[in-house]
Amino acid sequence: MVERDEIRLAVGVYQFGDRIRIRWGKGGCYSEVLSDKFSPYNERHIKAAVKLRDVRKAETETGCHGDEFYTMRFEDAVERYLYRKRFLASVKKADLKLRTIWLPELRGRILGSIHQAEIISIISKWQKKDGTQYSRSEQMNRLGYLIGVFKHHGIWPNPAEGIEIEATASPLVDKYERDEREAFLLGALDYTYVRPGDYYVMAVIGFACGLRTGEILGLSTDCLTASGEDLHIYRQVTDRGVGPTKTLWNRHVYIPTWARPHITRYVNQRKSGEFLFVNTEDNPIKDRVPLYNIHKKIHVDKDIVLDRQPYQPRDMYCWRHTRASELISQNNVHAECAAELGHGVGVFRDVYAHFIRGYSEKTDRSHLDGVAVPNHGLRIVK
């Protein structure tokens, strides 16, 4: 029951003199006066009180009090969290990340005893197999699953929240030079994944149209327009299956004239509506590892450098970057280049800034002078 001398600060949170009282339950029948570390005049303390009040409410409704969760072992908390989330589409990825990243580090620990400093220490040790650091987005993604475990069990304050992860400078994307592209395509003719010529046509589409790898794998016969000049891109294949494109855009991508005969001939060999590229079970290709293995073998066969410093390793995405470089080199408008690749203009310029600079450098810089200002008696200071 709310008392007369209480001032409402938020739902279930009240000022009680110079302290904060939280109330929950029917008619506010449960209450708790927080320690004097919580000030009713501090916005952050009020928000923290709201979170704590939600925890207390959940504890009352479930009959499971916070102390029980605080003393739970980390591995048991993970199992409980995954069980409650088992119907979500993302649970497989959460299961993988928690078991491979966090369980080896925190197994046997009491949930309430894990503190932020040791989580930061774990993050600082993360490295890829090649010794490089994970990007900020990759680190945040990994951390997000741990945040979920603590949040699900009402651990407050959540030790995994509020960790600042510095942005990392990603290596520049690479491209293939013209002679390297020709050598790669020549080498691709020697490899078949399932259907004759399938890997070669994947590479042709990648170099000619600049599609993302998932978009290439999502192509079917109906994607080739009647004129044979465009590919209609409206879906992609990821490890989760067939879905919309990364940006949720549908777009038509121009096919350069040199690539049309190769693509048309291959499409005409397929049944109407059939996926162009399938695995050994005649399904869309979700596992790209066999394709990456072929990609590496071609580099060895044709003596093409796979990893050039200071660039990212040349994977199948490098076909797309090569097309971007080609479009930029022809002095095309950036908005049109971005539209072909399915990028926003800003993202396009960020990713390919080094290509843009490389093709726009001029020895004569007089065009930067602009319009001269008349000398109104100004003198050069000596």
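For clarity, every value in this text was computed on a predicted model and none was experimentally measured.

Enquirer: Looking at this structure, how should I read the pattern of salt bridges?
Expert: Side chains that carry opposite charge are capable of pairing whenever their charged atoms lie near each other. Per the stated rule, a full pass over the model turns up 22 salt bridges. Residue K51 pairs with E161 through a salt bridge whose shortest N-O separation is 3.6 Å. Here K51, found in helix α1 (residues 43–62), pairs with E161, found in the loop between α6 (136–152) and α7 (178–188); they are 110 residues apart in sequence, far enough to count as distant. For E215, the salt bridge identified is with R212, shortest N-O distance 2.9 Å. Across this residue pair, the class does not change: E215 and R212 are buried. Among the charged side chains, a network of salt bridges with common partners joins D174, E180, R308 and R314.

Enquirer: When you look at unusual backbone geometry in this model, what are you seeing that I'm missing?
Expert: Among all residues except glycine, the phi angle is most often negative; among peptide bonds, the trans geometry is most common. The linkage connecting Q309 with the following residue, P310, adopts the cis geometry, with an omega of 5°. For P310, the position within the fold is in the loop between α11 (289–301) and α12 (317–329). Although it is not a glycine, D282 adopts a positive phi angle of roughly 65°. At N331, a position not held by glycine, the phi torsion is positive, near 60°. You can see N331 is positioned in the loop between α12 and α13 (334–341). A residue is classified by how much of its surface remains accessible, and N331, at 67% relative accessible area, is exposed.

Enquirer: Help me out: how do you make sense of the sheet that holds strand β2 (residues 13–16) in this one?
Expert: Strand pairing in a sheet relies on backbone hydrogen bonds, with the paired strands running either antiparallel or parallel. Taken in spatial order, the 4 strands line up as β1-β2-β3-β4 in an open sheet, and their pairing is antiparallel. The two strands at the open ends of the sheet, each matched to only one other strand, are β1 (6–10) and β4 (30–33). Adjacent strand axes in the sheet meet at a mean angle of 30° when their direction is disregarded.

Enquirer: Can you help me understand the packing of helix α3 (residues 74–84) against α6 in this one?
Expert: Relative orientation and spacing of two packed helices are given, respectively, by the angle between their axes and the distance between those axes. Taken N-terminus to C-terminus, the directions of α3 and α6 make an angle of 90°; their axes are 10 Å apart at the nearest point. If you check the angle between α3 and α6, you find them roughly perpendicular. Here α3 contributes F74, A77, V78, R80, Y81 and R84 to the contact with α6, which in turn contributes L146, G148, V149 and H152.

Enquirer: When you look at the pairing of β2 in this model, what are you seeing that I'm missing?
Expert: Consecutive residues of a regular strand have side chains that alternate between opposite faces of the sheet. In the sheet, β1 pairs with β2 via 4 bridges, with the strands oriented antiparallel. When the bridges of β2 are listed, E6 appears paired with F16. The antiparallel pairing of β1 with β2 creates a hairpin that spans 2 residues between the two strands, and G12 there sits at a positive phi of about 75°. Note: β2 against strand β3 (residues 19–24), 4 bridges, orientation antiparallel. The residue of β3 that forms the bridge with F16 is R19. Between β2 and β3, which pair antiparallel and follow one another directly, the connecting turn spans 2 residues, one of which, G17, has a positive phi of 70°.

Enquirer: Help me understand helix α4 (residues 91–106), please; the structure alone is not making it clear to me.
Expert: The periodicity of an α-helix, 3.6 residues per turn, causes residues three or four places apart in sequence to face the same way. When the local axis directions of α4 are compared, the greatest deviation, roughly 35°, occurs at R99. Taken together, the buried positions of α4 are occupied by V91, A94, L98, I101, W102, L103 and L106. Buried positions along α4 lie against α3, α5 (116–124) and α6.

Enquirer: Help me out: how do you make sense of the nonpolar core in this one?
Expert: Within soluble globular proteins, side chains that are nonpolar generally end up buried alongside one another. Ranked by size, the top nonpolar core spans 40 residues in total, and within it Y199, I205, F277 and W319 carry the most contacts. Those elements giving two or more residues to this core turn out to be α7, α8 (198–209), α9 (213–217), β5 (230–233), α10 (260–268), α11 and α12. With 10 residues, α8 is the largest single contributor of residues to this core. When sequence neighbours within four positions are dropped, the list of residues in contact with Y199 reads F184, A188, Y191, L291, I294, H295, I298, M316 and W319. Judged by nonpolar contacts, the second largest core, of 30 residues, contains M72, I114, I155 and I163.

Definitions and limits used
- Residues numbered from 1 in each chain as written.
- Predicted model: local features only at pLDDT ≥ 70, side-chain atom pairs only at ≥ 80, totals over all residues.
- Heavy atoms only, no water.
- Salt bridge = Lys/Arg side-chain N within 4 Å of Asp/Glu carboxyl O.
- Helix = DSSP H or I, 4+ residues; strand = E, 2+ residues; numbered from the N terminus.
- Buried < 20%, exposed > 50% of the residue type's maximum accessible area, 1.4 Å probe, protein only.
- Pairing = 2+ DSSP bridges.
- Axes fitted to C-alpha atoms, helices over the stretch in contact; angles between N-to-C directions.
- Parallel < 35°, antiparallel > 145°, perpendicular 65-115°, else oblique.
- Contact = heavy atoms within 4.5 Å.
- Bend = angle between axes of the 7 residues up to and from the residue.
- Core = buried A, V, L, I, M, F, W, Y, C linked by side-chain atoms within 4.5 Å.

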